[in-house]
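Architecture at a glance
Listed here are the chains, written in short residue letters.
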Amino acid sequence: MRNLVKICLLSMGIFVGFVVILLSGALLYFQTDHAQTLIQREINKSIPGSVSWEKARFSLLKGRFTLQNLSIQGPLDEDIAGIGRVSITVSWIPFVKGDLTIERIIGEKPWAALRSDEKGEFNLIRAFVRSKAEGISEGEGTRERKGMAFPFNVVITSLKLMDGAISYEMVSKGLKIEAKEINFLAEGDLLKQTGEVDIQMGSGRIDHSRAHVTLAGSQMRAALRPSEIELHFLEVATSSSKVTASGEIHDISRKPLFDLVLDTTVSLAEVRESLHATVPLTGEVAVKSAVKGGVDNPEVQLRL
């Protein structure tokens with residue numbers, strides 16, 4: 001009997017050891033250049049655009065995943081978005097309760113060059129979603145969307161993006177917006193729809209056929225609650241003008257209702273330069289205002 005027990009224990013030990021070695025070997029293989037090339041190839045077969053990265057490292061025991069030089073290209077090989085380095089740390093303990101807790105996401109030098117063409121088509125969407133002409137019918141797309149459901153709640157303890165840059169061009173309106181030196185901090189619970197956001201921007205620019213505005217810096221702190229945003233502080237500044245705002249935005253998922261207080265200081269000389277006006281303008285205008293109600297019919301109170 002003792003020999004049988006020993007044989008059983010020895011067999012179990014060998015089996016467990018074999019599984020550990022097999023998993024370790026699989027993990028080591030998935031971190032090789034050959035495996036990552038195969039993964040990228042399979043991903044790119046299923047989307048119109050392409051996704052690539054240089055190095056991927058992960059540890060299941062530590063719950064840590066690192067990716068370097070991730071980039072997204074469109075169907076015409078145009079650069080759309082990317083990030084220099086992203087590190088994700090996951091806590092497995094809450095997973096048994098149905099919560100995927102991401103302790104930290106740290107992204108270094110993220111960037112995006114977003115664009116909507118004359119038809120209103122978004123380049124980032126075109127990189128991942130095939131058009132109907134490419135073989136996906138409307139019914140198939142509807143069935144896929146109905147079938148998708150997230151099996152667990154996602155809790156993000158800390159999301160930090162450093163030294164980012166983003167640009168957005170709306171071709172149909174002749175509008176282009178650029179923002180640089182972006183630092184983004186956030187935490188939240190997707191199921192409860194709650195979170196905190198802190199955004200800072202070093203510089204930016206808004207170009208339109210009728211006006212040009214150079215931004216000296218902006219910052220925002222806000223809290224997300226179910227169906228509402230509590231705006232703690234928003235400041236948008238140029239070299240000589242500034243707008244600050246605070247308040248709340250309710251019912252954001254259906255018909256937003258605003259309850260905001262704004263403090264605006266505008267340099268008339270800067271307005272003249274931005275609008276390319278020939279009329280001489282000097283001095284500045286300071287306006288305090290309150291905005292309440294919906295977008296279609298807001299109540300605005302002004303005080304000069």
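See the structure above.
Below is a short write-up of the structure. Because the structure is a prediction, the values reported are computed rather than measured. (Residues numbered from 1 in each chain as written. Predicted model: local features only at pLDDT ≥ 70, side-chain atom pairs only at ≥ 80, totals over all residues. Heavy atoms only, no water.)

Considerations on the side chain of Ser 87
- Checked against the element boundaries, Ser 87 lands in strand S4 (residues 79-91).
- A residue is classified by how much of its surface remains accessible, and Ser 87, at 13% relative accessible area, is buried. (Helix = DSSP H or I, 4+ residues; strand = E, 2+ residues; numbered from the N terminus. Buried < 20%, exposed > 50% of the residue type's maximum accessible area, 1.4 Å probe, protein only.)

Observations regarding the pattern of salt bridges
- What the rule picks out here adds up to 10 salt bridges.
- Here Glu 169 makes a salt bridge to Arg 115, at a shortest N to O gap of 3.6 Å. With Glu 169 in strand S6 (residues 153-170) and Arg 115 in strand S5 (residues 99-116), this residue pair connects regions lying 54 residues apart in the sequence.
- With a shortest N-O distance of 3.6 Å, Lys 176 and Glu 178 are connected by a salt bridge.
- Taking relative accessible area as the criterion, Lys 176 reaches 33% and is therefore assigned partly exposed.
- On the basis of relative accessible area, Glu 178 is assigned to the partly exposed category, the value being 27%. (Salt bridge = Lys/Arg side-chain N within 4 Å of Asp/Glu carboxyl O.)

As for the environment of Ile 156
- As for its position among the elements, Ile 156 is in strand S6.
- For the pair Ile 156 and Ile 105, spaced 51 residues apart in sequence, the C-alpha separation works out to 8.1 Å.
- Beyond its immediate chain neighbours, meaning those up to four positions away, Ile 156 contacts Ile 102, Glu 187 and Gly 188. (Contact = heavy atoms within 4.5 Å.)

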